[in-house]
Structures are given as C-alpha cells and as structure tokens.
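Breakdown of the fold
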Amino acid sequence: MNITLDADKCCAAGQCVLVAPEVFDQRDEDGIVVLLDAQPPAEQHAAVHEAAAICPAAAIQVHA
Amino acid sequence: MTVGRIAVVGASAAGLAAVEALRRGGWTGALTLIGDEPHLPYDRPPLSKQLLSGDWQADRLGLRTAGQLDTLDLDLRLGTRATALDTVTRTVTLADGQRLECAGVIVATGVRARTLPGLAGTAGIHTLRTLDDALGLQTWLSGASGAPRRLVVAGNGVLGCEAAAVARELGHEVTLVGRDPLPMGRLVGDGTGALLADAHERHGVRMLTGSLDGVKTADGHVTGVRLADGTALEADTVLLAIGSEPAVDWLRADAALDTSDGLRCDEYCAAAPGIYAAGDVARWYHPGHGRHLRIEHRMNATEQAMAAARNLLAELGATEDERRPFTPVPYFWSDQYGMKLQAYGVLAGADRAETVLLDKEQRQVAALYGRDGLATGVLAAGLPPRQIRGLRAVIATPGPWDEAHARLLAAVGGQ
C-alpha cells in the first residue's frame with residue numbers, strides 16, 4: 001500500500017486522524033493533513049481504506 | 001449468494017460510495033449506477049469554493065478516474081434519469097422506458113436547487129448545485145471585461161455565503177439578501193452569525209434582510225431584483241441560493257414510500273424491503289438523536305452510503321453481517337474569507353444555542369447547540385485541530401446541556 005495526499009483539497013476535518021491515528025495527523029496551525037506513514041503495515045490497511053473513503057474532501061488516495 | 005442486480009440511483013458522492021462499498025462487501029452480481037448528469041462522479045463542495053474562484057479546473061473535481069471505476073465492473077448509465085421505482089418487484093424504470101429488475105436498490109438521488117417560477121431561459125440567473133451550474137456562474141465571475149459587476153445572491157445560507165465571499169474576493173459588487181438578519185443565522189445562531197456578518201461587512205459585501213419577490217429583465221437578461229418589501233436592486237447576475245428540494249419526484253408513484261422531505265427510512269437506512277437510501281435525499285431515524293434526520297453534508301453522503309450498502313448486503317444474505325443502525329456524528333465545514341467553520345453533531349432544529357467568543361479579531365469561536373435539554377451539536381472556528389477533535393467528543397452522543405457546556409468550556413479554556 002502506498003498513500004498519497006492532495007493537501008490542497010484537505011478541509012481539515014480530522015476524520016482520518018480519528019480513524020487511523022498512526023498514519024495521519026494534522027498540522028497544528030491550520031489542521032491540514034500530515035502523512036505519518038506513506039506505506040503502513042498490513043494491520044493498518046483497513047483503517048486507511050476507511051479514512052480514504054470517508055474523507056469529506058476526497059484528499060486521500062490509496063494505491064495498491 | 002450474490003445473484004441478480006443491485007441498482008444505485010444517483011452517481012454523486014453517495015452513489016459512488018455505495019457501489020464501492022457493495023463491491024468491497026462482496027457483491028459479485030450485476031451492479032448498475034445511474035446518474036442523470038453526463039459527468040463521471042465528482043465532488044460538490046469545491047463548486048462553491050475552489051471551482052467558483054477559478055483556482056481549480058473542473059477536472060480536479062473527479063472523485064475517481066475512469067480506470068478506477070473500471071475496476072468496479074459497473075453497468076454505468078450516465079445522462080440517464082430514473083423515472084419510477086416499484087418497491088414490490090424492486091424494479092427501476094428509466095426515462096427511455098427500460099425496466100431494471102433488481103435484488104436491491106439504493107436511492108442516492110440527492111437534492112435539486114430550488115428556483116423561482118417563470119425564470120427558465122432568463123440569462124444571468126444562476127443556481128449552484130451541479131458542475132454545469134458552477135461553470136456557468138464561474139464563467140460570469142471571471143468575465144473578460146474585467147470591470148466589477150453587480151451580483152445579487154438570494155439566500156444567506158451556507159451556499160449563498162460561500163459564493164458571496166468568492167465573488168467579493170474576485171472584486172465584484174455583492175449584495176447578499178437573506179431572510180435571516182445574520183448570515184447562516186438560522187443554522188449557526190446569533191453569536192456565530194454575527195461573526196460571519198462582521199467578516200462579510202469588512203470585505204465589503206452589502207447585506208440585506210428580505211426575500212426575493214421577482215426579477216427585472218430586459219431583452220431576456222436579468223437587470224435587477226425586487227424584494228418582498230418593495231426594495232429594488234440593480235443586478236447583472238443573480239444567484240439563487242434559496243435552498244433545495246430532495247429529488248424524490250420519481251418515487252412518488254409508489255404509495256409504500258414516504259417522500260415528505262426526502263425518502264423516509266428506518267434506522268438501517270431502509271425505506272422498504274430491499275430498498276435503501278443514502279445522502280442528501282435520505283431522511284432516516286437516528287436512534288441517538290431519537291428522531292428522523294436528513295443531512296445535506298458531504299461526509300454524510302459517503303458514510304451513509306457505506307452503511308446502506310452494508311445493510312442491504314446483510315438483508316440479501318450476501319454477507320455474514322447483521323444489519324446495524326446508522327448512528328453517525330454528523331460533520332460539516334464552511335470556508336469564507338479564509339475563515340473555516342467546522343461543526344459536529346446536529347445544529348438544525350436547535351432550541352438553544354450558546355456561543356463562546358474566544359477572540360473576535362482572530363475569529364476564534366466555539367458554540368454549543370441543543371434541543372429539549374440535550375446538547376446535540378458543536379461548532380468551532382479558528383481553534384487548533386486538537387481542540388476541535390476534542391469538541392467532537394462533547395456531543396458524540398447527545399447528553400445533558402449543562403454537562404456538555406462545562407466540557408466545552410474545559411476543552412476551549414473559556415470562562
């Protein structure tokens with residue numbers, strides 16, 4: 001799994017951090033998403049897929 | 001067992017999330033996605049923001065590439081309208097008369113922009129719901145003449161306020177007309193509404209309280225508007241942001257469905273056996289709030305579609321899962337002049353709202369909303385992300401007002 005972000009799309013909802021806190025964080029100043037681990041281990045994959053799916057700004061892309 | 005067909009009607013965020021969740025959930029049967037617009041599924045929130053401002057081109061709004069959609073093996077029907085649903089036989093009828101017999105149906109037809117009668121064909125009158133709507137308005141806003149022109153925005157809800165902010169930042173003369181004295185006031189209450197009014201005023205938006213009574217035209221082009229109190233305003237372009245109507249006309253013929261204010265569903269998002277709904281069109285029973293809710297927010301479209309898909313597969317016996325009630329913590333955001341509002345829970349229908357103004361200059365605010373003695377929603381602007389995530393916990397489950405209020409103050413360090 002490889003994750004990419006479109007930070008310009010990010011609306012700072014923070015849903016990804018709630019779902020997958022080991023993979024995503026938010027910048028302190030404006031809440032924009034920060035990628036902690038672009039290639040997370042298998043046990044994180046389900047959470048990452050969910051984070052990508054529910055991101056209200058469609059800012060997270062997951063590549064196989 | 002996964003036989004037959006599932007039809008998902010509506011190809012926007014909810015419809016797309018539904019077909020993806022159905023495939024992820026193991027549905028290997030036929031899967032039809034029906035959309036009345038000609039475009040591949042795209043994202044709507046940027047329409048009133050990045051697309052309208054000209055920062056983004058339309059191709060950036062696509063939710064999936066054609067290649068990604070191919071992997072779903074869809075029977076994709078774009079530019080196609082569903083005209084009827086028979087809930088007994090689970091048959092969807094299309095505008096061309098085709099009838100699709102289905103094992104299950106997910107209704108995700110969203111809402112339509114409300115308009116005023118008699119304006120069809122009048123140049124300069126816009127709504128802002130679809131990509132084509134947004135491109136039409138954007139073309140005007142980016143007008144080649146370069147001179148600021150006069151825009152009247154009718155409606156001061158979220159959409160009207162966002163569009164007014166973008167148009168003003170592009171240098172147009174903007175008048176924002178709304179029934180509520182404060183921008184978004186009916187949704188966010190007086191405290192936050194006053195903060196928004198201040199922002200619009202500082203940027204030079206003229207705000208009027210009133211409602212549109214009609215438009216003046218010359219040679220088929222709008223030249224101004226009349227308000228109900230007799231006020232006349234000159235305008236080169238008018239944006240109607242006066243609310244929306246659930247797209248349920250096509251469902252009305254089936255007496256088994258309740259289509260008053262959206263398609264009424266139970267806590268599983270089911271409207272009838274094998275018939276589910278998701279997104280802006282769905283009015284479902286939220287057990288945590290103890291009432292039916294219909295939520296026109298982007299995140300709900302996806303979350304509810306995933307829940308509806310899961311529950312439909314469970315009902316059809318296509319998975320081992322049990323059906324589960326859909327009990328989300330709703331979320332919405334709005335951007336105006338670099339100011340971001342974020343809200344969790346339910347603000348609409350509140351009988352009580354209290355705003356804690358933390359710093360007026362920095363536009364830092366937190367607000368609590370409640371109904372029947374319970375706190376149901378919270379809103380924040382200008383707060384650090386950790387604090388905002390903490391506020392979500394305050395109302396994740398509706399609880400006693402006083403308790404939530406104390407937790408809100410503790411979270412934001414207010415008095």
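Here the structure is a predicted model, which is why all the values come from computation and not from measurement.

**A closer look at the overall build of chain B**
The helix and strand inventory of chain B stands at nine helices and 28 strands. The C-alpha radius of gyration of chain B comes to 22 Å, within 12% of the 22 Å expected for a compact globule of 415 residues. Counting every position in chain B, which comprises 415 residues, the buried fraction comes to 55%. Of all intrachain contacts in chain B linking residues separated by at least 6 positions in sequence, the fraction that spans at least 24 positions is 62%. For chain B, the exposed area adds up to about 17000 Å²; of that, 47% sits on carbon and sulfur atoms. Each charge sign in chain B was given a centre, from 41 positive and 48 negative side chains, and these centres are 1 Å apart.

**Things to note about the overall build of chain A**
The helix and strand tally for chain A stands at two helices and four strands. Along the longest, intermediate and shortest principal axes, the C-alpha atoms of chain A span 30 × 20 × 15 Å. Taken over 64 residues, chain A has a buried fraction of 48%. Across chain A, every contact between residues at least 6 apart in sequence was considered, and the portion connecting residues at least 24 apart equals 55%. Approximately 2800 Å² of chain A is accessible, and the part contributed by carbon and sulfur atoms is 48%.

**Describing the nonpolar core**
All names here are of chain B. In this structure, Ile6, Val8, Leu22, Leu85, Val92 and Val107 are the most contacted members of the largest nonpolar core, which totals 65 residues. The contact partners of leucine 85, leaving out residues within four places of it in the chain, are Thr91, Val92, Val105, Val107, Trp250, Leu251, Asp254, Leu257 and Ile275. With 41 residues, the next largest nonpolar core counts Ala134, Ala167, Leu195 and Leu196 among its residues.

**Thoughts on the packing of aromatic side chains**
Residue and element names in this part refer to chain B. With the rule as written, the count across this model stands at three aromatic pairs over all chains. Summarising the aromatic geometry, the rings of tryptophan 284 and phenylalanine 326 are spaced 5.1 Å apart at their centres and angled 45 degrees between planes, so their arrangement reads as tilted. Taken together, the residues span a long stretch of sequence, with tryptophan 284 in strand 21 (residues 282-286) and phenylalanine 326 in the loop between helix 7 (298-315) and strand 23 (331-336) at a distance of 42 residues. No difference in accessibility class separates tryptophan 284 from phenylalanine 326, as the two residues are buried.

**Some details on unusual backbone geometry**
Residue and element names in this part refer to chain B. A positive phi angle, close to 50 degrees, is found at aspartate 219, a residue other than glycine. What makes aspartate 219 exposed here is its relative accessible area of 85%. In the Ramachandran plot, aspartate 261 falls in the positive-phi region, its phi being about 50 degrees despite a non-glycine side chain. Mapping aspartate 261 onto the fold places it in the loop between strand 17 (244-246) and strand 18 (263-265).

**Section: the interface of chain B and chain A**
Counting from both sides, the interface comprises 22 residues of chain B and, opposite them, 23 residues of chain A. For the pair chain B and chain A, the summed buried surface comes to about 1900 Å²; carbon and sulfur atoms form 51% of the total. Among the residues of chain B in contact with chain A, Arg60, Pro385 and Arg389 of chain B are the three that bury the most area, contributing 27% of the side total. The interface formed by chain B and chain A contains four salt bridges. Aspartate 25 of chain A is the partner of arginine 386 of chain B in a salt bridge, and the nearest nitrogen-oxygen pair spans 3.6 Å. The interface formed by chain B and chain A contains seven residue pairs in polar contact (both at pLDDT 80 or more). Breaking the side of chain B that touches chain A down by element, the ones donating at least two residues are helix 7, strand 23, strand 24 (339-345) and helix 8 (385-395) of chain B.

**Brief notes about the sheet that holds strand 6 (residues 99-101) of chain B**
Residue and element names in this part refer to chain B. Strand order in the open sheet formed by three strands is 4-5-6, with antiparallel pairing between adjacent strands. Both edges of this open sheet fall to strand 4 (82-86) and strand 6, since each of them pairs with a single strand only. Strand-to-strand twist across the sheet, computed as the mean angle between neighbouring axes with direction ignored, equals 20 degrees. As paired strands, strand 5 (residues 91-94) and strand 6 are joined by three bridges and run antiparallel to one another. Paired with threonine 93 across the two strands is arginine 99, which belongs to strand 6.

**Points about the side chain of aspartate 180 of chain B**
All names here are of chain B. Within the secondary structure, aspartate 180 is located in the loop between strand 11 (173-178) and helix 6 (185-202). Within the buried core, aspartate 180 has no salt-bridge partner, and the shortest N-O distance to an opposite charge, that of arginine 186, equals 6.0 Å. One polar contact links the side chain of aspartate 180 to the main-chain amide nitrogen of arginine 186, over a distance of 3.4 Å. In this view, aspartate 180 contacts Asn156, Gly185, Arg186 and Thr209; residues no more than four positions away in its chain are not counted.

**So, the confidence of the model for chain B**
Of all residues in chain B, 98% attain a pLDDT of 70 or more, and the chain-wide mean is 95. Predicted complex, confidence summary: ipTM 0.92, pTM 0.96.

**A short note on the pairing of strand 1 (residues 5-9) of chain B**
Residues and elements named next belong to chain B. Burial runs high along strand 1: four of the five residues are buried. Relative to strand 2 (residues 30-35), strand 1 runs parallel, the two being bridged by five bridges. Note on strand 2: the bridge partner recorded for isoleucine 6 is leucine 31. In terms of handedness, the path from strand 1 via helix 1 (residues 13-24) over to strand 2 forms a crossover that is right-handed.

The rules behind these values
Along each chain, residue indices are assigned from 1 in the same order as the chain's sequence is written. Key to labels: chains lettered from A, ligands numbered from 1, both in the order written. For a predicted model such as this one, the threshold for reporting local features is a pLDDT of at least 70, and the threshold for listing and counting side-chain atom pairs is 80 or more; totals across whole chains, interfaces and linings nevertheless cover every residue. Each side-chain value is derived from all of the structure's non-hydrogen atoms; neither hydrogens nor water enter the calculation. A run of H or I in DSSP becomes a helix once it reaches four residues, and a run of E becomes a strand once it reaches two; helices and strands are each numbered from the N terminus. We take the radius of gyration over the C-alpha atoms and set the globule estimate at 2.2 Å times the residue count to the 0.38 power. For the exposure calls, accessible area comes from a 1.4 Å probe over protein chains only, and a residue counts as buried if that area is under 20% of its type's maximum, exposed if over 50%, partly exposed in between. We call two residues in contact whenever any of their non-hydrogen atoms come within 4.5 Å of each other. Only the protein chains shown count as cover for residues, and the accessible areas themselves come from Shrake-Rupley with a 1.4 Å probe. Positive charge is attributed to Lys and Arg, negative charge to Asp and Glu, and no charge count is given to His or to the chain ends. A single reference atom marks each charge: NZ on Lys, CZ on Arg, CG on Asp, CD on Glu. Think of a nonpolar core as a cluster: buried Ala, Val, Leu, Ile, Met, Phe, Trp, Tyr and Cys residues, connected wherever their side-chain atoms sit within 4.5 Å. Side-chain rings of Phe, Tyr and Trp, where Trp is taken by its six-membered ring, are said to pair if the distance between their centres is within 6.5 Å; with planes under 30 degrees apart they count as stacked, over 60 as edge-to-face, and otherwise as tilted. Accessible surface is computed with a 1.4 Å probe, and the buried area is the amount of it that two parts give up when combined, taken over both parts together. By definition, a salt bridge exists where a carboxyl oxygen of Asp or Glu is found within 4 Å of a side-chain nitrogen of Lys or Arg. Think of a polar contact as two N or O atoms within 3.5 Å of one another; within protein, one of them needs to be a possible hydrogen donor and the other a possible acceptor, and neighboring residues in sequence only count if both atoms come from side chains. DSSP calls a pair of strands paired once it identifies at least 2 bridges connecting them. Each axis is a line fitted through C-alpha atoms, and for a helix only the stretch in contact is used; angles between axes span 0 to 180 degrees, taken between their N-to-C directions. The predictor attaches a confidence to each residue, and that confidence, scored 0 to 100, is pLDDT. Clockwise travel from the first strand over the helix to the second, with the strands pointing away from the viewer, marks a crossover as right-handed.

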